[in-house]
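Coordinate inspection notes
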Amino acid sequence: MESTHPDVERVLFSEADIKEIVGRMGAEISRDYAGKDLVLIAVLRGAVVFMGDLMRAITCPLAIDFMAVSSYGEGAKSSGVVRIVKDLDMDIKGRDVLIVEDILDSGLTLNYLMKSLSHRKPASLEVAAFLWKDVEGRETAVEPKYVGAHCPDEFVVGYGLDFAERYRNLPQVGVLKPEVYS
Ligand code: 5GP
Ligand code: MG
Ligand code: MG
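Everything quoted here is computed from the prediction, not taken from an experiment.

1. Some words on the sheet that holds strand 8 (residues 156-157)
Taken in spatial order, the three strands of this open sheet run 1-9-8, and their pairing is antiparallel. Looking at strand neighbours, the two that pair on one side only are strand 1 (8-13) and strand 8, the edges of this open sheet. Here four bridges tie strand 1 to strand 9 (residues 173-176), and the two strands are oriented antiparallel to one another. Note that in strand 9 the partner of Arg10 across the bridge is Val175.

Quick look at the structure:
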């Protein structure tokens, strides 16, 4: 039995689940990007854990780069208007860019980022999201090409995802006990 953090009420994705999901995504991406000029871009900080696993599950040559964005306001819901606080080091013109995201909620953040990146004329620009909160009856601003798993419309932590910068190091994805928030 895997150990679970005492603040976690319920584990949604175990380490074994995550391993299987990432392995499947890596195989799919390896197939699709064979012979291409793949650049993985992770959005800091949440996506770093997934990035580390996903890049090792991909067998074709690739480069990696990172971006950091900050949403205006600290609320739980994103406005979609973001400021790039750390830009890419790499020129992505003519390259096959795959944005690696921890979780897609409204998709507004990524939508904004993709518009900005598309001006740099990559050969292709797609998204690999580990989790997708595709709430029924709601449009996501971005259609991810690769999705690890569908996530219920709850606030989740672990596997890179934080609550007030904590819990990113949990090896599972789970829901916190209500008392943790108060
Ligand atoms: P969006 O712009 O898609 O609404 O928001 C996406 C970002 O919000 C994610 O990259 C992540 O940083 C944060 N986010 C959305 N849902 C959750 C969640 O359930 N847990 C955590 N920890 N962060 C989330
Ligand atoms: Mg993120
Ligand atoms: Mg966060």
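2. Description of the environment of Glu101
Positionally, Glu101 belongs in strand 5 (residues 96-104). It is 7.3 Å that separates the C-alpha atoms of Glu101 and Val127, two residues lying 26 residues apart in sequence. Every residue in contact with Glu101, bar those within four places of it in the chain, is listed here: Val43, Ala47, Phe50, Leu110, Ala128, Ala129 and Phe130.

3. Re the nonpolar core
Most often, soluble globular proteins have nonpolar side chains that are buried together. By size, the foremost hydrophobic cluster in this structure holds 30 residues, and its most contacted members are Ile29, Leu54, Phe130 and Leu131. At five residues, helix 1 (residues 15-32) tops the list of elements feeding residues into this core. Discounting residues that sit within four places of it in the chain, Ile29 has contacts with Leu38, Leu54, Ile58, Cys60, Leu98, Ala128 and Tyr146. Counting residues in hydrophobic clusters, the runner-up holds 22 residues, among them Val43, Met67, Ile92 and Leu104.

4. Quick look at helix 2 (residues 48-57)
When helix 2 is considered as a whole, its buried residues turn out to be Phe50, Met51 and Leu54. For helix 2, the angular spread of buried residues about the axis comes to 100°, placing them on one side. In this structure, the buried residues of helix 2 make contact with helix 1, strand 2 (38-44), strand 3 (62-71), strand 5 and strand 6 (124-132).

What counts, and where the lines are drawn
Residues numbered from 1 in each chain as written. Chains lettered and ligands numbered in written order. Predicted model: local features only at pLDDT ≥ 70, side-chain atom pairs only at ≥ 80, totals over all residues. Heavy atoms only, no water. Pairing = 2+ DSSP bridges. Helix = DSSP H or I, 4+ residues; strand = E, 2+ residues; numbered from the N terminus. Contact = heavy atoms within 4.5 Å. Core = buried A, V, L, I, M, F, W, Y, C linked by side-chain atoms within 4.5 Å. Buried < 20%, exposed > 50% of the residue type's maximum accessible area, 1.4 Å probe, protein only. Arc of directions from axis to C-beta.

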